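Single-letter residue listing:
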Amino acid sequence: MSVPSSVSPSVSPSVSPSPGSAAPPPQPARPAQHVVDLSVEGMSCASCTGRVERLLNAQPGVISATANLALRRARIEMDRPGDAAGLAALVSQAGFAATPLAAEPAATAGETGRSEEQILWRDAAIAAALALPVFLSEMGGHMSGALHHWLLSLASQQSLWLMQFVLTTLVLSIPGRRFFQKGLPALARRTPDMNSLVALGTLSAWGWSSLVLFASGLIPEASRAVYFEAAAVIIVLILAGRAMEARARGQAGRAIARLIGLQPKTARLEDGREVAVSSLVPGQAIRLTAGERVPVDGLVLSGESAVDESMLTGEPLPVAKTAGAKVTGGTVNGNGSLLIEVRATGADTVLARITAMVGEAQGSKLPLQAVIDRVTLWFVPAVLAVALLTLALWLVITGDLARALAAAVAVMIIACPCAMGLATPVSILVGTGRAAEMGVLFRRGEALQRLATTRRISFDKTGTLTEGRPRLISTAGDESLLPLAAAAERGSPHPLARALMEAVPDAPPAEGFRSLPGLGAEAIVGETLIRVGSARMFDTLPEALARAGDAAASRGESLIYIGRGREAEALATFADQIKPGSARAIAALKELGLTTAMISGDSAAAARKVANSLGIEEVHAGVLPEGKQALVAELGGAFTGDGINDAPALAAAEVGIAMGTGTDVAIEAGDVVLMRGEPLAVASAVHLSRAVMRNIHQNLFWAFGYNVALIPVAAGVLVPFSGPMLSPVLAAGAMALSSVFVLMNALRLRYTGALS
């Protein structure tokens, strides 16, 4: 059958998807990359991550460095093997606690998060217990006149202030010590961060109040007010806010923790002995009983069962497993017993590779983050400048130093850029984790942003929209010859032969099999010579069979003639079947506003038949692998494929979406991997990526809008218009709540559902 070079019903003639299409010129090779991952504790805001990145990017051999506030990690890509310990020491010298991530067992990551939360809650409780008497003694009079008089009957105002001084000093020096240990050295290095703002704000309030208490003669009488309660309560609120952040981060990062927890610690050998999973090697046989979790990737040697693979694919229905079937570590065995040969262990298992992919995506930065980084680079210095300006203006306008100081402290406290630093990474963290639960793996975080904005998705046909193997769909002539044809084809490796044998499993024995290249095959069944193949094998071809064959060929179907000796007596036609979810996938993508296209190496008739049944208007057929790469680059958008021949196109696409049921080469070339191999998962991936980007934009709007709106209020711009003056205590509460809002908003992504 002749194969047209292309068929493009809805594409302009400028597109040339012919088999001979030239590939784009080769790109210059990137230097070999070596990746170093660090665990970095002590980062608390966007300024901290920026400082870590600038420090690492300045080191020799570093191609790029990214720090992730939500994960408390840094990833360094180098053009040479890197000294992880040396880089960690460098970051630690800058005021953070950094260790090579390889030295930290993955299973302990969740424990680190929990211990951080526990420490923060403990310190917040200590600070609250010390700050409560300070707050009541200073603010109680504003709430109740009776309480104010009762306190003054117990002690003089000077004594109450002395008590406030002692307790506030304890708050700052014990639970609040972390802010000064990190913030003041950062200020001295001219790289101020959130800790610097808190340290300056609380130290200013405490220092002014101490001056009023111990050297009141130096202060004008009208300005003799103390702000011990502000300094103490600010520490309480910020510690409580950080504890809530730590809890939310732990919830956001549970996807990897769940993946790590899926692998059992022990396995049972064939002889019944229990051994550590880490000691297993490929080739060993292990026994799996009902209800047990599969410890490693393997091949079923014997037994029958149904395995729950929902953790891998998101598909709730168990999958039947018999001898020869593959099983994946982390999945759950049903009621049967299986004997499994170990095929992959440790980092080579599918579960380990999924965990690594999710972790890499969660630690990456979106292109959008570059804009945020440029803003936060100057944000804290700008806030300090605004605080100084506020102090100066209030002094000039009112002459009240205490009031001016309170306004400046409020500006410094309310402007802490925690929410800005968390806005993007925490949404990526939750979104990619939720995607993994749905069987969609984003191998690179930036694919989230690109997929959310793409307007075209092209599909390979065979194995992507279709099952990838032919099936018998119709017969003509003497159907009693089908079992004889299946018998004659038993020795043939041809795909149509396998399809015929699947359709007619109870074939009689045959002998004398002979393959006739370019024609077909023949064998003796019983005492009859049975020939199976093209029309050229036969001297006689009945007119009815010829017409049926021509009609099948025009529909893009494959066909074989069957006959006794030289006369054709029957016809069998075959076609690759469309996957059950393909039509719904194309419809769902159109509902999302995307244009769909098909790029196939198959014949024009076969490609058009599938496209018409799915509602795909744009078809490119007869395209060889190099032509696919050029065509995808020209059309733009995302491309979905599964085979080795799709790898160049996946790499050339804005977003390469690989079927996880396809070849390893295709999976490695893709930016997104669909573990179920279902086309509908493409629509779910687009839906989720848009939800993540929408969530990020909401977080950024809140984080930046919050600062734009409340910094002027804290500075007192509304006071001349009878508006409120924001106290430092309220500023601290608002700042803590802004970070919690961003985190809680991101956690909503956990409930994003897959399309069905």
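Residues numbered from 1 in each chain as written. Predicted model: local features only at pLDDT ≥ 70, side-chain atom pairs only at ≥ 80, totals over all residues. Heavy atoms only, no water.

**Observations regarding the overall build of the protein**
Each helix and strand counted, the protein has 25 helices and 26 strands in total. A burial count over the protein gives 50% of its 756 residues as buried. Contacts spanning at least 24 positions in sequence make up 70% of the contacts within the protein whose residues lie at least 6 apart. Surface exposure of the protein reaches about 32000 Å², of which carbon and sulfur atoms provide 60%. (Helix = DSSP H or I, 4+ residues; strand = E, 2+ residues; numbered from the N terminus. Buried < 20%, exposed > 50% of the residue type's maximum accessible area, 1.4 Å probe, protein only. Contact = heavy atoms within 4.5 Å. Areas by Shrake-Rupley, 256 points an atom, 1.4 Å probe, with all protein chains shown as cover.)

**Examining the UniProt feature "transmembrane region" (unreviewed entry) in the protein**
Following the UniProt record, one finds the feature "transmembrane region" (unreviewed entry) at residues 159–176, 197–219, 225–244, 375–397, 403–430, 700–719 and 725–747. A distance of 33 Å separates the end C-alpha atoms of residues 225–244, which is 85% helix and 0% strand. The span residues 725–747 is 87% helix and 0% strand, and its two end C-alpha atoms sit 33 Å from each other. (UniProt positions renumbered as here; feature names shortened; annotations may be inferred.)

**Structural notes on the environment of Ser-204**
Along the chain, Ser-204 falls in helix α7 (residues 194–214). Discounting residues that sit within four places of it in the chain, Ser-204 has contacts with Leu-405, Val-409 and Met-412. A distance of 2.6 Å separates a polar side-chain atom of Ser-204 from the backbone oxygen of Leu-200. (Polar contact = N/O pair within 3.5 Å; in protein donor to acceptor, adjacent residues only side chain to side chain.)

**Points about the side chain of Arg-434**
Along the chain, the position of Arg-434 falls in helix α14 (residues 418–437). In contact with Arg-434, not counting residues within four places along its chain, are Leu-688, Leu-749, Arg-750, Thr-752, Gly-753 and Ala-754.

**Observations concerning the environment of Met-501**
By secondary structure assignment, the location of Met-501 is in helix α17 (residues 495–503). Look at Met-501 and you get partly exposed, because its relative accessible area is 22%. Sequence separation between Met-501 and Arg-490 is 11 residues; the distance between their C-alpha atoms is 7.1 Å. Residue contacts for Met-501: discarding those within four places in its chain leaves Ala-486, Glu-489, Arg-490 and Ser-492.

**Remarks on the side chain of Lys-628**
Considering the arrangement of structural elements, one finds Lys-628 in helix α21 (residues 625–635). At 2.9 Å, the side chain of Lys-628 forms a polar contact with the side chain of Asp-460.

**Focus: the pattern of salt bridges**
Enumeration according to the criterion identifies 23 salt bridges in this entry. Glu-543 is the salt-bridge partner of Arg-547, the closest N and O atoms lying 3.0 Å from each other. With Arg-547 and Glu-543 both in helix α18 (residues 543–554) and 4 residues apart, the pair spans about one turn of that helix. Judged by its relative accessible area of 51%, Arg-547 falls in the exposed class. Overlapping salt bridges, with partners in common, bring together Arg-122, Asp-123 and Arg-178 in one network. (Salt bridge = Lys/Arg side-chain N within 4 Å of Asp/Glu carboxyl O.)

**Observations regarding the sheet that holds strand β5 (residues 266–269)**
Strand order in the open sheet formed by 6 strands is β6-β5-β7-β13-β8-β11, and the pairing between neighbours is antiparallel. Both edges of this open sheet fall to β6 (274–276) and β11 (326–327), since each of them pairs with a single strand only. By the bridge criterion, 3 bridges tie β5 to β6 in an arrangement that is antiparallel. Across the sheet, residue Ala-267 finds its bridge partner in β6, namely Val-275. (Pairing = 2+ DSSP bridges.)

**What to know about the nonpolar core**
Counting residues in each nonpolar core, the largest one holds 141 residues, and the members touching the most others are Leu-38, Val-40, Val-52, Ile-76 and Phe-442. Residue contributions to this core peak at 18 residues, all from helix α24 (residues 680–715). Dropping the residues within four chain positions of it, Val-40 is found in contact with Val-52, Arg-72, Arg-73, Ala-74, Val-91, Phe-96, Ala-97 and Ala-98. Formed by 20 residues, the second largest nonpolar core is a distinct cluster that contains Leu-482, Ala-488, Leu-496 and Ala-523. (Core = buried A, V, L, I, M, F, W, Y, C linked by side-chain atoms within 4.5 Å.)

**Some details on the packing of α24 against helix α25 (residues 728–747)**
Interhelical geometry of α24 versus α25 gives an angle of 170 degrees and a closest axis separation of 9 Å. Taken together, the axis directions place α24 and α25 in an arrangement best described as roughly antiparallel. Every residue of α25 that contacts α24 at Asn-695, Gln-698, Asn-699, Trp-702, Tyr-706 and Leu-710 is listed here: Ala-731, Ala-734, Met-735, Ser-738, Phe-741, Val-742, Asn-745 and Ala-746. Tallied by class, the residues present in the contact of α24 with α25 amount to 9 nonpolar, 5 polar and no charged. (Axes fitted to C-alpha atoms, helices over the stretch in contact; angles between N-to-C directions. Parallel < 35°, antiparallel > 145°, perpendicular 65-115°, else oblique. Nonpolar A, V, L, I, M, F, W, Y, C, P; charged D, E, K, R; others polar.)

**Some thoughts on helix α2 (residues 84–93)**
By the burial criterion, the buried members of α2 are Leu-87, Ala-88 and Val-91. The arc that holds the buried residues of α2, viewed along the axis, is 100 degrees, so those residues lie on one side. One or two steps after α2, the chain reaches Gly-95, where phi turns positive at roughly 110 degrees. (Arc of directions from axis to C-beta.)

**Side note on a nonpolar patch on the surface**
A contiguous nonpolar surface patch, about 500 Å² in accessible area, is contributed by Ile-126, Leu-162, Val-166, Leu-170, Ile-174 and Phe-214. Mapped onto the elements of the fold, Leu-162 is located in helix α5 (residues 157–173). (Patch = residues over 30% accessible without salt bridge, like charges linked within 9 Å, V, L, I, M, F, W, Y side chains within 5 Å.)

**Overview of the sheet that holds strand β17 (residues 511–516)**
Read from one edge of the open sheet, 6 strands run β16-β21-β20-β19-β18-β17, paired in antiparallel fashion. Two strands close off the open sheet at either side, each with one partner strand: β16 (466–477) and β17. The average undirected angle you get between the axes of adjacent strands in this sheet is 20 degrees. Of the pairings in the sheet, the one linking strand β19 (residues 528–533) to strand β20 (residues 558–564) comprises 4 bridges and is antiparallel in character.

**A look at the packing of aromatic side chains**
This model, assessed by the stated rule, comprises 4 aromatic pairs. Here Phe-165 and Trp-206 contribute two aromatic rings whose centre-to-centre distance is 5.9 Å and whose plane-to-plane angle is 25 degrees, an arrangement assigned as stacked. One end of the pair, Phe-165, is in helix α5; the other, Trp-206, is in helix α7, and 41 residues separate them in sequence. Judged by centre distance (5.1 Å) and plane angle (85 degrees), the ring pair of Phe-165 and Phe-214 falls under edge-to-face. Taken together, the residues span a long stretch of sequence, with Phe-165 in helix α5 and Phe-214 in helix α7 at a distance of 49 residues. Taken together, the aromatic side chains of Phe-165, Trp-206, Phe-214 and Phe-228 make up a single cluster linked through ring pairs. (Phe/Tyr/Trp six-rings, centres within 6.5 Å; stacked < 30°, edge-to-face > 60°.)

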